[in-house]
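Structural overview for review
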Amino acid sequence: MDFPLSRYQNMSLDQIQSSCRFPCSFTDPTNFREKTLFSGYCLFNGRKWRTPFSRIRCSFLEQGLRPRPMPKPSKKIDLHVEKKETHIRNSSSGLCGRIENLVLYRRYQEALDLFEILECEGDYDVGISTYDGLVNACIGLKSIRGVKRLINHMINSGFEPDQYMRNRVLLMHVRCGMMIDARRLFDEMPERNLVSWNTIIGGLVDSGDYIEVFQLFLLMWEEFSDVGSRTIATMIRASAALELVFPGRQMHSCALKMGVGGDIFVSCALIDMYSKCGSIEDAQFVFDEMPEKTTVGWNSIIAGYALHGYSEEALDLYYEMQDSGVKMDHFTFSIIIRVCTRLASLEHAKQAHAGLVRHGFGLDIVANTALVDFYSKWGRIEDARNVFEKMPCKNVISWNALIAGYGNHGRGIEAVELFERMLREGMVPNHVTFLAVLSACSYSGLSDCGWEIFESMSRDHKVKPRAMHYACMIELLGREGLLDEAFALIRDAPFWPTLNMWAALLTACRVHKNLVLGKFAAEKIYGMEPEKLSNYVLLLNIYNSSGKLEEAAAVVQTLKRRGLRMLPACTFIEIKKEPHVFLSGDKCHVQTKEIYEKLDKLMLEISKHGYVPKGKTLLPDVEEQEERMLQYHSEKLAVAFGLINTSYSTPLQLVQSHRICGDCHNAIKLIAMVTGREIVVRDSSRFHRFKDGSCSCGDYW
């Protein structure tokens, strides 16, 4: 059906405009052509008709305008070339648009696959928006191959990037970890702005080249006097990574002089820097001066206190954050759960778990991994397994936490089964995984299985055994009484023996009463850490036990000369969210009378089941004065207090500052049996779970 164009031939432009669907300005005939005749379509009176441009005639002469003459091809080849160019241009526009749309929807791999067509056909005209989208695709996939393909296409097509695109290309190299190429691009840039400097400096900080970062910053400072808050925050991060407070203070001074001291990012970076550099007071000062305390600010100061062992202060800050109404994120709960792990605070951990779910982070991988770690360390291995199984996505850290949990509970078979399941599900183990599973084999005495896994590390998984793995194997040999083989493993190790390796041998010597080899191992440990107090006490106990009284006296004189004194052992227990600390022979507690009466009854009860107080012991953390108060060691007092103030079904969680002595270990095993309680003790050596008259450590610690 032909549209009757004849009735429009004598109309004015205003009349034509009034009859068109699109409101157009006809002062420019080109505008008219673009608005009403785009792609050969005319839209008149709400109807759509496909009409060639050549059939449309408008009376431009009334406006004093001449119609644009239609080109007349003089040769057939010219017409063919024009059609070909139009086809290429239209195809290029469509293909580039599809690439940009794919990037918009984050379908990066499909965008790069489509980009291959542009690479194969060199006639396509690629614009800046398409290149920008492809940069995003390479960044999203961290594809080094994609970066190289894109750069080659830019060069071959003769593309001349502007400042924006140069910065984008630089960012692409930085985000994909190609820092050598990124630095070369930066040095070759004809013009550099603040974005360029911040991009390369941020990349160098992320890659760990902190010294080069400061060198570049000095050059930047000469070129830009006002570097901005982002640059200052990045440089503070570099100071924190180096754990150097002096350059960090200089950056703090610069921030104050530039008026960006109250910037959120600068303040959070300062809190983190001061915390990592050991100046928690300065971190608290910066936090107090923040005009607006954000979630990141709270997380930074809480993490700072937790980093320095101020667990109770970190917990107090957590509740302050809760009262302030600031929104918590999954990092907040992850930090607090780790604090609860250190404090052995089951009630606080349960509250954090509930808050995690209530705030919508119930499936967060980081927080749930922290929960798995907490529950597995404090006798709730079934709860840890439940959290683990409900995680929709698990990383290697999640697997490691649960494997280590089974190992700590003396359930080495389950730990090995979980390790094998991890391999079946395609998860790649790392050195921590092998440490967890080898420790589990060591704790449970799974010798054959442990050696098979140890040998498979480098053979099947390309993980080179480290000193910590050798220490596990030394302990495994020591449990079986193969002390000569354990010593040979230390001697033949492909690296210099570490403290943990000698400590594993010393533990074996203590258990099997090999005082000669134990003395040798103790002297090695003493020589490696001459300033550590526990090493002197360890050596002193070795000499006393082997009858070397002169050598023991020499150690005592050395301790006195250096002014070193062992801090008394203390045991921590939390009841109804209230912490209680006991020392050996402690009589300061308000319930002292009840505690001592309860303990005396317990000692009488377990003596009926074969308990006999031990005499001398071979442990590194027990002083002679504490030996005289054997019956009233801090562990026993804490257990008695816990039994008085908790219900029959409540497990007890204790934290011991030193290594639990052999007498307390035997006593608590029997107390757990006669009371039917589960008692969990975390000492400086390892985790002990007492239940039904046995301990998860297998009496080897």
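Predicted, not measured: the structure shown is a model, and the values here were computed from it.

Overview of the overall build of the protein
Helix and strand counts for the protein come out as 34 helices and eight strands. When burial is assessed residue by residue, the protein has 48% of its 701 residues classed as buried. Carbon and sulfur atoms provide 53% of the accessible area of the protein, an area that totals close to 35900 Å².

Some thoughts on the UniProt feature "repeat: PPR" (unreviewed entry) in the protein
UniProt records the feature "repeat: PPR" (unreviewed entry) for residues 162-196, 263-293, 294-328 and 395-429 in the present numbering. Structurally, residues 395-429 is divided into 74% helix and 0% strand, and its ends, taken at the C-alpha atoms, are 10 Å apart.

Quick notes on a negative patch on the surface
A contiguous patch of negative charge, built from Glu-312, Glu-313, Asp-316, Glu-320 and Asp-323, is present on the exposed surface. Locating Glu-312 in the fold gives a position in helix α16 (residues 311-324). Look at Glu-312 and you get partly exposed, because its relative accessible area is 42%.

Things to note about the pairing of strand β7 (residues 687-691)
With four of five residues buried, β7 lies mostly within the body of the structure. One ladder, built from four bridges, connects strand β6 (residues 679-682) with β7; its direction is antiparallel. Along β7, the bridge assignment pairs Val-681 with His-688. Between β6 and β7, which follow one another and run antiparallel, lie four residues. Where β7 lies against strand β8 (residues 694-695), two bridges are found, and the strand directions are antiparallel. Residue pairing in the sheet places Lys-691 in a bridge with Ser-694 of β8.

Remarks on the packing of aromatic side chains
Evaluation of the coordinates by the stated rule reveals 17 aromatic pairs. On the numbers, 5.0 Å between centres and 80° between planes, the contact of Phe-388 with Trp-399 is edge-to-face. With Phe-388 in helix α20 (residues 381-390) and Trp-399 in helix α21 (residues 396-408), this pair connects stretches of sequence that are eleven residues apart. Among the aromatic residues, those joined into a ring-pair cluster are Trp-451, Phe-454, Tyr-470 and Phe-495. Cation over ring: Lys-394 sits above Phe-388, and NZ or CZ is 5.1 Å from the ring centre. Taking NZ or CZ as reference, Lys-587 lies 5.7 Å from the ring centre of Tyr-596, over its face.

Considering the confidence of the model for the protein
Model confidence for the protein is summarised by a mean pLDDT of 82, while 83% of its residues fall at 70 or above. Every residue in residues 1-9 is under pLDDT 50, and counting partners more than four places away or in other chains gives 14 contacts. Below pLDDT 50 for its whole length, residues 617-624 participates in 32 contacts with residues either more than four positions away or in separate chains.

Concerning the packing of helix α19 (residues 365-377) against α21
Relative to each other, α19 and α21 sit at 5°, their axes nearing to 9 Å. One way to sum up the angle between α19 and α21 is to call them roughly parallel. From α19, Ile-365, Thr-369, Val-372, Asp-373, Ser-376 and Lys-377 reach across to α21, where they touch Ile-397, Ser-398, Ala-401, Leu-402, Gly-405 and Asn-408. Per-class residue counts for the contact of α19 with α21 are five nonpolar, five polar and two charged.

Here we look at α20
Turning to α20, its buried residues are Ile-381, Ala-384, Val-387 and Phe-388. Each buried residue of α20 lies within a common arc of 120° when the element is viewed along its axis, so the set occupies one face.

Some words on the side chain of His-252
With respect to the helices, strands and loops of the structure, His-252 is situated in helix α12 (residues 245-258). The contact partners of His-252, leaving out residues within four places of it in the chain, are Leu-270, Tyr-274 and Val-286.

Some remarks on the pattern of salt bridges
Counted according to the given criterion, the structure contains 24 salt bridges. Its salt-bridge partner being Lys-276, residue Asp-272 comes within 3.4 Å of it at the nearest N-O pair. Highlighted residues: Asp-272 and Lys-276, both in helix α13 (residues 264-276), separated by four residues, approximately one helical turn. Measuring nitrogen to oxygen at the nearest pair gives 2.9 Å for the salt bridge that ties Arg-421 to Glu-425. Salt bridges sharing partners connect three or more residues here, namely Arg-385, Glu-389, Arg-421 and Glu-425.

A closer look at the environment of Pro-613
Along the chain, Pro-613 turns up in the loop between α31 (592-607) and α32 (624-627). A sequence separation of ten residues divides Pro-613 from Met-603, and the C-alpha atoms of the two residues are 9.7 Å apart.

With respect to the pairing of strand β5 (residues 652-656)
Across the five residues that make up β5, a large majority, five, are buried. Every second residue of β5 is oriented toward a common face, with Leu-652, Leu-654 and Gln-656 on one face and Gln-653 and Val-655 on the other, all of them buried. Here β5 pairs with β6 via four bridges, running parallel. What sits directly across from Gln-653, in β6, is Val-680. Taking the sense of rotation as the criterion, the β-α-β connection linking β5, helix α34 (residues 662-675) and β6 turns out right-handed.

Some remarks on the sheet that holds strand β3 (residues 570-575)
Hydrogen bonds along the backbone pair up the strands of a sheet, which may run parallel or antiparallel. Spatially, the six strands line up as an open sheet ordered β4-β3-β5-β6-β7-β8, and their pairing is mixed. In this open sheet, the two edge strands, each paired with only one partner strand, are β4 (578-583) and β8. Seen against the sheet, α34 touches β6, β7 and β8 and runs at an angle of roughly 40° to β7.

Side note on the environment of Ile-644
Secondary-structure assignment places Ile-644 in helix α33 (residues 634-645). Considered as a pair, Ile-644 and Gln-591 are 53 residues apart in the sequence and their alpha carbons are 9.6 Å apart. The residues contacting Ile-644, other than those within four sequence positions of it, are Gln-591, Glu-594, Ile-595 and Lys-598.

Let's talk about the packing of α16 against helix α17 (residues 330-343)
Remark: α16 packs on α17, axes separated minimally by 10 Å, with the N-to-C direction vectors making an angle of 145°. In this structure, α16 crosses over α17, and the sense of that crossing is left-handed. For the pair α16 and α17, the contacting residues are Ser-311, Glu-312, Ala-314, Leu-315, Tyr-318 and Met-321 in the first and Thr-332, Phe-333, Ile-336, Val-339, Cys-340, Arg-342 and Leu-343 in the second. Counted by class, the contact of α16 with α17 contains nine nonpolar, two polar and two charged residues.

Re the side chain of His-665
Tracing the backbone shows His-665 in helix α34. Non-local contacts of His-665, meaning those with residues more than four positions away in its chain, are made with Ile-660, His-688, Phe-690, Cys-695, Cys-697, Asp-699 and Trp-701.

Some words on the nonpolar core
Counting residues in hydrophobic clusters, the biggest one holds 134 residues, and the most contacted among them are Ile-200, Ile-302 and Leu-505. Not counting residues within four places of it along the chain, the set of residues in contact with Ile-302 comprises Ala-314, Leu-317, Tyr-318, Met-321, Ile-335 and Ile-336. Formed by 32 residues, the second largest nonpolar core is a distinct cluster that contains Ile-606, Val-639, Ala-667 and Cys-697.

Thresholds applied
- Position numbers for residues start from 1 in each chain and track the written sequence from start to end.
- Since the coordinates come from a predicted model, pLDDT governs what is reported: local features require at least 70, and pairs of side-chain atoms require 80 or more to be given and counted, while whole-chain, interface and lining totals use all residues.
- No hydrogens and no water enter the side-chain calculation; it runs on all heavy atoms of the structure.
- Segments assigned H or I by DSSP are reported as helices when at least four residues long, segments assigned E as strands when at least two residues long, and all are numbered from the N terminus.
- Using a 1.4 Å probe on the protein chains alone, a residue whose accessible area is under 20% of its type maximum counts as buried, one over 50% counts as exposed, and one in between counts as partly exposed.
- Per-residue and other accessible areas were derived by the Shrake-Rupley procedure at a 1.4 Å probe size, with only the shown protein chains allowed to occlude residues.
- UniProt positions are given in the numbering used here, feature names are shortened, and annotations may be inferred rather than shown by experiment.
- Think of a patch as exposed residues, more than 30% relative accessible area, with no salt bridge, where like charges cluster within 9 Å and nonpolar side chains (Val, Leu, Ile, Met, Phe, Trp, Tyr) cluster within 5 Å.
- Think of a salt bridge as a Lys or Arg side-chain nitrogen and an Asp or Glu carboxyl oxygen that are within 4 Å of each other.
- Positive charge is attributed to Lys and Arg, negative charge to Asp and Glu, and no charge count is given to His or to the chain ends.
- To locate a charge, take atom NZ for lysine, CZ for arginine, CG for aspartate or CD for glutamate.
- By the convention used here, strands pair only if DSSP detects at least 2 bridges between them.
- Stacked, edge-to-face and tilted labels apply to pairs of Phe, Tyr and Trp rings (six-membered ring for Trp) whose centres lie within 6.5 Å, assigned for plane angles under 30 degrees, over 60, and everything in between, in that order.
- Placement of a positive charge over a ring is assigned whenever Lys NZ or Arg CZ falls within 6 Å of the ring centre and within 35 degrees of the normal to the ring plane.
- By definition, pLDDT measures how confident the predictor is in each residue, and it falls between 0 and 100.
- Any two residues whose heavy atoms approach within 4.5 Å are treated as being in contact.
- Note on geometry: axes are lines fitted to C-alpha atoms, helical ones only across the stretch in contact, with angles between N-to-C directions running from 0 to 180 degrees.
- The cut-offs work like this: below 35 degrees is roughly parallel, past 145 is roughly antiparallel, 65 to 115 is roughly perpendicular, and the gaps in between are oblique.
- Only Asp, Glu, Lys and Arg are considered charged in this grouping, and only Ala, Val, Leu, Ile, Met, Phe, Trp, Tyr, Cys and Pro are considered nonpolar; every other residue, Gly among them, is considered polar.
- In this description, the arc belongs to the directions extending from the helix axis to the C-beta atoms.
- Assignment of crossover handedness uses the view with strands pointing away from the viewer, where a clockwise path from the first strand over the helix to the second indicates a right-handed crossover.
- With the far helix as reference, a near helix turned anticlockwise by less than a right angle produces a left-handed crossing, and one turned clockwise produces a right-handed crossing.
- Nonpolar core, defined: a set of buried Ala, Val, Leu, Ile, Met, Phe, Trp, Tyr and Cys residues in which side-chain atoms within 4.5 Å join the residues together.

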